[in-house]
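Structural overview
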There are 2 protein chains.
Amino acid sequence: MNALQLFFKESHQLSPDDLHFIVNHFEMISAPKGTILFHEGMVVDAVYFIAEGVLHHFNYNENGEKTTLDLHNGPCFCTDLESFSDGKKSEDSCVTLTDSTLFKLTKDKYDALIKTDVKWSNFAKDIIEKTLIKMLDQLKTVSTKTIEQRYLDLVKNSPLIIQSASVADIASYLGTSRETLHRIRKKNIFA
Amino acid sequence: MNALQLFFKESHQLSPDDLHFIVNHFEMISAPKGTILFHEGMVVDAVYFIAEGVLHHFNYNENGEKTTLDLHNGPCFCTDLESFSDGKKSEDSCVTLTDSTLFKLTKDKYDALIKTDVKWSNFAKDIIEKTLIKMLDQLKTVSTKTIEQRYLDLVKNSPLIIQSASVADIASYLGTSRETLHRIRKKNIFA
DNA sequence: TTGTTAGTGTGTCATTTGACACAGTAGAAG
DNA sequence: CTTCTACTGTGTCAAATGACACACTAACAA
């Protein structure tokens, strides 16, 4: 049983047949470090399930400065939803920071799946809803906790991200400068 | 035709019958300034459509400090999704800052609606998806733009929020102190 | 009227932060 | 091995920020 099946089995009650049916719509991809899932200017026509690996989701602001939007650590889904959903050109890019195992679901197959059965429409709704709850929580965390607290949480909960991403990218993710993150790290050598 | 019908008509293609059917599940509420939609500790068993009015969505962190999570300005939906979806006790509170017109959909009716027809399941999925895209954009804005830029955007796009919320609450929403927001306002008297 | 309360405007000051500069290091490529 | 490149570590300093303090105003109740 692969990571995708395990994820679906634990998060939703699906019969073995349903599990098999849904997983067969995904294509497994072994993506070495440095693989570009999508980049600025392209239409993102797939959603990826990250079974294993760390991914860097970023964009460039109007001054050409790189901003880290997210550091994904599987298992979780990853796409540019606005591009995937509306067919717009993406403003973001996403690259693997470690060798990764991904499962790709193309938009064609996704759309077909949604139309097949109420069950799959509700399935998609639940996944989107869970993602929204996660994002709302992230927004709450950003406005409530200090950068130091968030860094320590990251060290505790996602050591793989700390290992794989550069200080500059982590600093950008936390919304501070490379130097300030360095001060925080020096202060918390024990962590 | 009321604001809810107008919103649904513009955001989704619905037949007049469908429009009538869905809107009839909502209850219209005239909520004077100071009305509490939900508060910390209660299970939020309804989703609200804000037809008109400004609402303050906030919580208290572990130090007992009030943090503004959102300042809603209709037309838009408002609930504590995690509480509504999972039946958990809410950590947040939501209060009207102006006399408001709301449309309330209880969880019972929502659940029944979802089961009725694929159409309503997909309808809910689309609304949740749009909300998620909005939240992702908000998260991007928070990490990309300066507080001053965000304040000026707020003045430009949501003058009602600026008029209705206190300086302290807006500062908290932007992630800064009352005093720093005051400096920004002094610097931009023209705005 | 007089308190009372909540919110605003503003000055001072210590602290934090970001920007800049540069040395050190590790890994890749020749 | 040497060179190149990217990243890390670190010091200095000016600027931004938050905390504190207090006067002022408006709304409301006694």
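What follows is about the sheet that holds strand 1 (residues 27–31) of chain A. All names here are of chain A. Across the sheet, which stays open at both edges, the 4 strands sit in the order 1-8-3-6 with antiparallel pairing between neighbours. The sheet is open, and its two edges are formed by strand 1 and strand 6 (76–78), each paired on a single side. Each strand of the sheet is rotated relative to its neighbour by a mean of 35°, with strand direction disregarded. One ladder, built from 3 bridges, connects strand 3 (residues 46–52) with strand 6; its direction is antiparallel. Directly across from Ile50, in strand 6, lies its bridge partner Cys76. Seen against the sheet, helix 1 (residues 3–11) touches strand 3, strand 6 and strand 8 (100–106) and runs at an angle of roughly 100° to strand 3. Along the sheet, helix 4 (residues 107–116) contacts strand 3 and strand 8; its crossing angle with strand 8, the most-contacted strand, is approximately 60°.

For the rest of this paragraph, the subject is the environment of A:Leu139. Its location among the elements puts A:Leu139 in helix 5 (residues 118–144). C-alpha of A:Leu139 to C-alpha of A:Leu81: the two residues are 58 residues apart in sequence and 17 Å apart in space. Here A:Leu139 is in contact with B:Met135, B:Gln138 and B:Leu139, once residues within four sequence places are set aside.

Ring pairs (aromatic) are described by centroid distance and by the angle formed between their planes. Residues and elements named next belong to chain A. Enumeration according to the criterion identifies 24 aromatic pairs over all chains in this entry. When the ring of Phe49 is compared with that of Phe77, the centres are 5.1 Å apart and the planes differ by 65°; the resulting orientation is edge-to-face. Here Phe49, found in strand 3, pairs with Phe77, found in strand 6; they are 28 residues apart in sequence, far enough to count as distant. Overall, Phe49 belongs to the buried group, its relative accessible area being 0%. By relative accessible area, which is 23% here, Phe77 ends up partly exposed. Following the ring pairs from residue to residue traces out a cluster consisting of Phe7, Phe8, Phe21, Phe26, Phe49, Phe77, Phe103, Trp120 and Phe123. Above the plane of the ring of Phe84 lies Lys107, whose end atom (NZ or CZ) is 4.8 Å from the centre.

Definitions and cut-offs
- Note that residues are indexed from 1 along each chain, following the sequence as it is written.
- Note on labels: chains are lettered from A, ligands numbered from 1, in written order.
- Residues qualify for local features only when their pLDDT is at least 70, as the model is predicted, and side-chain atom pairs are given and counted only at 80 or more; totals for whole chains, interfaces and linings, by contrast, use all residues.
- To get the side-chain values, take all heavy atoms of the structure and skip hydrogens and water.
- One requirement defines pairing of two strands: DSSP has to find at least two bridges between them.
- Secondary structure elements are taken from DSSP: a helix is a run of H or I of four residues or more, a strand is a run of E of two residues or more, and numbering for both begins at the N terminus.
- Interaxial angle, 0 to 180 degrees, is taken between N-to-C directions of lines fitted to C-alpha atoms, where a helix line uses only the stretch in contact.
- Contact definition: two residues touch when any of their heavy atoms are within 4.5 Å.
- Stacked, tilted and edge-to-face pairs are distinguished by plane angle, under 30 degrees for stacked and over 60 for edge-to-face with tilted covering the rest, among Phe, Tyr and Trp rings (Trp via its six-membered ring) whose centres lie within 6.5 Å.
- Accessibility here uses a 1.4 Å probe with only protein chains present; expressed as a share of the type maximum, an area under 20% marks a residue as buried, one over 50% as exposed, and anything in between as partly exposed.
- Counted as over-ring charges are cases with an Arg CZ or a Lys NZ within 6 Å of the ring centre that also lie within 35 degrees of the ring normal.

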